[in-house]
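Secondary and tertiary structure notes
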Amino acid sequence: MNFLTKLFIAAPFLLWLFLTMQAFHGDGFLSNNGDAIDFYRYTNYFLNNIERGVYPFWNPFDSWGRPDDVLARMMGEFNPFLYLVVLFKKCGFSFLIAYEMYLIIYFCVGAFGFYCLIHKIVGDRFWAYVGVLFMLFLNYATNLYTNILVIYMTVPTLWFFVFFLSFIDKPKRWNFLGCVLTLMVIGTTYIPVYFIIPLVIFITAASILYIRELPSYWQQTISFIKKHPVIFFLGIVSIGLAMVPPLRWILLTKQDVVFGWRYSQNSMELGINDIISSSSICHYWWIGFLKLLKSYSFVSFYVPVIFFIVALVGGMVAASRRLMVEACVFLFIFAFSMTSATKIFDFFYTICPIFHFYRNYHLIIWLALLAFIIFVVDVLKTFVDDYAGSLNPWVIAW
């Protein structure tokens, strides 16, 4: 690979980095609408306490004093990447610059995980590269300076699926330990239910469509456990310990502490109407096909028209089990983000109490977007493989 080829590959990423830095320092990162300022403030408050040797269990600066568990869970105080901020501060950077560097690095870790996931699914580096470009230049990346919780949610989820699919393919120690590490990060962050939704959808769809392969996958897992019992035991114990913070968070509902006006049932449990108000339909402004993006804001959700046109190419390719799983994951995650509009959420809200403790179900629409990218990339690859060089007029017309 010569220098010009490497420069051509790197050019989109350099452009994205330039645009991102302009977004951070152009109109003012901290003046932007959204939750960016809240996460910045709390991260500063939390890390300042940690540097002084204090773990803050109580925040006296919020709502006349309240437990720190909610914001700490959102930020992911056990995520090792968070402490890059402290390292950069020790190197002489201001807290703002150190925080921005941490966000960009963490986003790039997620982008590389997305590349690895697509490569694992479609088995082609070029199409994995195309998928990452979609991820960078659709409005998913704007969450860096509007709602960083989306990035906190997707990065460990993407890497879990990378390790999980690798473990299913070849049960190795590193793949298992990768699953354990990502589950620990997910468990100690305010995202378990956002992770559970795509995981259950994927396992259900894949189990139905790949039912003949299930016995062999199960046998491989049993063989791994027998071969590495100590590693398996330590992994399960580590995941169990990582569940202590979220369990403590849920147990706080038994105390006489109010976390905010939205928590109408008790200190943290939400009523169905409060949850519905934060569905993707109610929360986002769906930018029209012909509407200018000058009005883009914190709650805008935009996918280019050409993306849907490309998805129609799927009508020209043979249906495969893999494409069907990808389509199911995208459609059901999207349906879940609309809460009661599809009645799917109502069913799970009734039978699973964990769904009572999370309000922002509109956030999982970003996971639906990433699943949609994977589906489109796989459709394009399949189409090119099937019809490369074809002069069939029906193919050209389509």
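For the structure given in this document, a descriptive report is provided here.

Focus: the packing of aromatic side chains
- With the rule as written, the count across this model stands at 30 aromatic pairs.
- With 5.6 Å between their ring centres and 80° between their planes, Phe-160 and Phe-161 make a pair best called edge-to-face. Accessibility assignment for this pair places Phe-160 and Phe-161 in one class, buried.
- Every member of this aromatic cluster is reached through a ring pair, and the members are Phe-39, Tyr-40, Phe-81, Phe-95, Tyr-99, Tyr-102, Tyr-106 and Tyr-152.

Things to note about the pattern of salt bridges
- Enumeration according to the criterion identifies six salt bridges in this entry.
- The partner of Asp-169 in a salt bridge is Lys-120, with the nearest N and O atoms 3.1 Å apart. You can see Asp-169 sitting in helix α7 (residues 149–169) and its partner Lys-120 sitting in helix α5 (residues 95–122), a full 49 residues away along the chain.
- Across the pair Glu-213 and Arg-321 runs a salt bridge whose closest N-O atoms are separated by 3.1 Å. Of this pair, Glu-213 sits in the loop between α9 (192–209) and α10 (214–227) while Arg-321 sits in helix α16 (residues 321–337), placing them 108 residues apart in sequence.
- On the basis of relative accessibility, which here comes to 35%, the residue Arg-321 falls in the partly exposed class.
- When salt bridges with common partners are traced through the structure, they connect Glu-51, Lys-89 and Lys-90 into a single cluster.

A short note on the packing of α16 against helix α18 (residues 365–387)
- Running from amino to carboxyl end, α16 crosses α18 at an angle of 155°, the nearest separation of the two axes being 8 Å. By the criterion of interaxial angle, the relationship of α16 to α18 is roughly antiparallel. Viewed along their axes, α16 and α18 form a crossing whose handedness is left-handed. For the pair α16 and α18, the contacting residues are Arg-322, Leu-323, Glu-326, Ala-327, Val-329, Phe-330, Ile-333, Phe-334 and Ser-337 in the first and Ile-365, Leu-367, Ala-368, Ala-371, Phe-372, Ile-374, Phe-375, Asp-378, Val-379 and Thr-382 in the second.

Thoughts on the nonpolar core
- Ranked by size, the top nonpolar core spans 104 residues in total, and within it Tyr-99, Phe-114, Tyr-140 and Tyr-152 carry the most contacts.
- Setting aside chain neighbours within four positions, we find Tyr-140 in contact with Phe-107, Met-135, Val-150, Ile-151, Thr-154, Trp-366, Leu-369 and Leu-370.
- One finds Phe-167, Phe-176, Val-180 and Phe-224 within the second-largest nonpolar core, a separate group that totals five residues.

A short note on the environment of Phe-334
- Inspection of the secondary structure puts Phe-334 in helix α16.
- Between the alpha carbons of Phe-334 and Ala-371 there is a distance of 9.6 Å; along the sequence they are 37 residues apart.

Here we look at the environment of Asn-44
- By the element assignment, Asn-44 lies in helix α2 (residues 36–51).
- Classification of Asn-44 by relative accessible area gives partly exposed; the value is 22%.
- C-alpha separation for the pair Asn-44 and Val-86, spaced 42 residues apart in sequence, amounts to 9.9 Å.

Rules of the game
Residues numbered from 1 in each chain as written. Predicted model: local features only at pLDDT ≥ 70, side-chain atom pairs only at ≥ 80, totals over all residues. Heavy atoms only, no water. Phe/Tyr/Trp six-rings, centres within 6.5 Å; stacked < 30°, edge-to-face > 60°. Buried < 20%, exposed > 50% of the residue type's maximum accessible area, 1.4 Å probe, protein only. Salt bridge = Lys/Arg side-chain N within 4 Å of Asp/Glu carboxyl O. Helix = DSSP H or I, 4+ residues; strand = E, 2+ residues; numbered from the N terminus. Axes fitted to C-alpha atoms, helices over the stretch in contact; angles between N-to-C directions. Parallel < 35°, antiparallel > 145°, perpendicular 65-115°, else oblique. Left-handed = near helix turned anticlockwise from the far one by under 90°. Contact = heavy atoms within 4.5 Å. Core = buried A, V, L, I, M, F, W, Y, C linked by side-chain atoms within 4.5 Å.

Nothing here speaks to function; it is all geometry.
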